[in-house]
Structure formats: C-alpha cells, structure tokens
Amino acid sequence: MRRILMALALCVGLLAAGISPASAVPTDLDSCPTDRPTLYDVTIGNTNVADIASDGHVWALDSYLQHVQVWRLGQKHYCFRIEYDGTWTSFAGVSPGGTGTISDGLTGTFYGLRILRLTGEFNPQYPLSGHVADFDWQCNADGTCTGPRPSPGMYFSPITNVNSTWSEFHATSAANGTWHDTTYGYSGDITD
C-alpha cells in the first residue's frame, strides 16, 4: 500500500474528537458517517513529501493540499476522511510500480483518499476549520526528512489507537502512464 512518508503522523495531527456511547461505532470501514455533524473541516499544505513506491523506495517528492474532515463515532472514537490533491516530481530510478525505470524531473498530478479511525483524547492546539498550516517536510531521495511536519499532539493527547481502514492513490503523467495504489494492491505504472 502506498505510503506518503509519515502520512499517518500528518493525518492524525489534523483531526478531531467528541464523546458518545462506544456502541454507536459504525462498522463500515471504507467511509465515514457523513450524516453526523462534522467536527473538523481543515486544509493543510504539504511540500517536499517523500512518495513511497510499491517496493518501498522513494520515487518522487509530492506537494499537495490535504483536506481533512472528521466525525465522532463514539466515546473517544473518531473517523477521518483525508483527501489529497497535488503534484509529484520524480527521482531517476525504478518506477513506482516496479515494471521499469523513470527519469529524474518527470512531473505529474495525483489525487488520493484515506479513511482513518482513531481512539484518543481530544486536545486541539490548532483551529478546527479553514487552512490551518503549511509544512515543508524537506525530504530527500533516501527518505530522510528534516523539515517540520504535523504531529498527533496538534489535536490529540494521548492517542491510544490509529487504524487506516481505506487508502487509494492515483498518480498520472500525461505521456508516461498512471499508477494506482489502493488498500487492495497496486496496478499500472509510470515509466519512461
């Protein structure tokens, strides 16, 4: 499954809270209960984020706007819908799908969706609506990132459990193909 380096920390750090009976937790794990009041609705800018290929190597750097919406599921249980929309710039090497190679500096677009479930104590340190922050992760081709990035402490402390229940990512280059990464696996590729 595609992993934007440390995406879990980013997603968790931007999400919400509330209290109601634990028995009210929905079992549909690939969506959130949008018929309930939204607790959070924020956007976050991210630049120079390492994009991880199907075999675990960094194949590109991403810049994207992240839209996070959060709903309360039950006592200390929350559901997060995180949408990504942005661009990528490749590093030379093995393609993201591993079927060929990709040149340095190739560019394209991507969009994605992630659903997370979190159990924790709500302790917000950032606004609950609007554009809350911009982060330059300063990642390199080897996957090291030295820049600031969101942390779970932005909204929760302590956190007792996080579970990614759905993930999809679609990267496209007009002349070089499309790579899909979902909870169920990979398909396609972007190659020279």
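**Some remarks on the overall build of the protein**
- Each helix and strand counted, the protein has one helix and 10 strands in total.
- Each helix and strand of the protein, placed in order from N terminus to C terminus, yields the pattern α-β-β-β-β-β-β-β-β-β-β.
- Summed over all atoms, the accessible surface of the protein reaches about 8400 Å², with 53% contributed by carbon and sulfur.

**Here we look at unusual backbone geometry**
- Between Ser 157 and the following residue, Pro 158, the backbone shows a cis peptide bond with an omega angle of -5°.
- By the secondary structure assignment, Pro 158 is in strand β8 (residues 156–173).

**Looking at the confidence of the model for the protein**
- Scored by pLDDT, the protein has a mean of 85; 84% of the residues are at 70 or more.
- The element-level mean pLDDT for the protein is lowest in helix α1 (residues 7–12), coming to 39, with strand β5 (residues 101–102) highest at 98.
- Across residues 1–26, where pLDDT falls below 50, the model places 120 contacts with residues more than four positions away in sequence or in other chains.

**Some thoughts on the nonpolar core**
- One finds Trp 59, Phe 80, Trp 88 and Ile 190 to be the most contacted residues of the largest nonpolar core, which totals 37 residues.
- Those elements giving two or more residues to this core turn out to be β1 (40–52), β2 (58–74), β3 (77–90), β6 (107–122), β7 (129–136) and β8.
- Broken down by element, the residue count for this core peaks at seven residues, all from β2.
- The residues touching Trp 59, leaving out its near neighbours within four places in the chain, are Asp 51, Ile 52, Ala 53, Trp 88, Ser 90, Phe 91, Val 94, Pro 96, Ile 102, Ala 171, Trp 179 and Ile 190.
- Counting seven residues, the second largest nonpolar core, distinct from the first, contains Cys 32, Leu 73, Leu 113 and Trp 166.

**A word on the sheet that holds β1**
- Reading across from one edge, β7-β1-β2-β3-β6-β8-β9-β10 is the order of the eight strands in this open sheet, with mixed pairing throughout. Because the sheet does not close on itself, it has two edges, and the strands there are β7 and β10 (185–190). Between one strand axis and the next, the sheet turns through 20° on average, direction left out of account.
- With 13 bridges joining them, β3 and β6 adopt antiparallel strand pairing. Across the sheet, residue Thr 89 finds its bridge partner in β6, namely Thr 107.

**Notes on the pattern of salt bridges**
- Per the counting criterion, the structure on display carries two salt bridges.
- For Lys 76, the salt bridge is made with Glu 121, and the minimal N-O distance between the two is 2.6 Å. Of this pair, Lys 76 sits in the loop between β2 and β3 while Glu 121 sits in strand β6, and the two are 45 residues apart along the sequence.
- Note on Lys 76: relative accessible area 31%, which makes it partly exposed.

**Brief notes about the pairing of β6**
- Judged from the 13 bridges that link them, β6 and β8 form a sheet pairing that is antiparallel. Opposite Leu 113, over in β8, you have Glu 168 as the bridge partner.

**Digging into the packing of aromatic side chains**
- If you walk through the whole model with that rule in mind, you get 14 aromatic pairs.
- Ring centres of Phe 169 and Trp 179 lie 5.9 Å apart, and the angle between their planes is 70°; on these two criteria the pair is classed as edge-to-face. Linking Phe 169 in strand β8 with Trp 179 in strand β9 (residues 177–182), this pair joins segments that are 10 residues apart in sequence.
- Phe 169 gets classed as buried once you look at its relative accessible area, which sits at 3%.
- Ring centres 5.7 Å apart and planes at 5° place the aromatic pair Trp 179 and Tyr 186 in the stacked group.
- With a relative accessible area of 0%, Trp 179 lands in the buried category.
- The exposure class assigned to Tyr 186 is partly exposed, which follows from its relative accessible area of 34%.

Quick notes on the rules
Residues numbered from 1 in each chain as written. Predicted model: local features only at pLDDT ≥ 70, side-chain atom pairs only at ≥ 80, totals over all residues. Heavy atoms only, no water. Helix = DSSP H or I, 4+ residues; strand = E, 2+ residues; numbered from the N terminus. Areas by Shrake-Rupley, 256 points an atom, 1.4 Å probe, with all protein chains shown as cover. pLDDT = per-residue confidence, 0-100. Contact = heavy atoms within 4.5 Å. Core = buried A, V, L, I, M, F, W, Y, C linked by side-chain atoms within 4.5 Å. Buried < 20%, exposed > 50% of the residue type's maximum accessible area, 1.4 Å probe, protein only. Pairing = 2+ DSSP bridges. Axes fitted to C-alpha atoms, helices over the stretch in contact; angles between N-to-C directions. Salt bridge = Lys/Arg side-chain N within 4 Å of Asp/Glu carboxyl O. Phe/Tyr/Trp six-rings, centres within 6.5 Å; stacked < 30°, edge-to-face > 60°.

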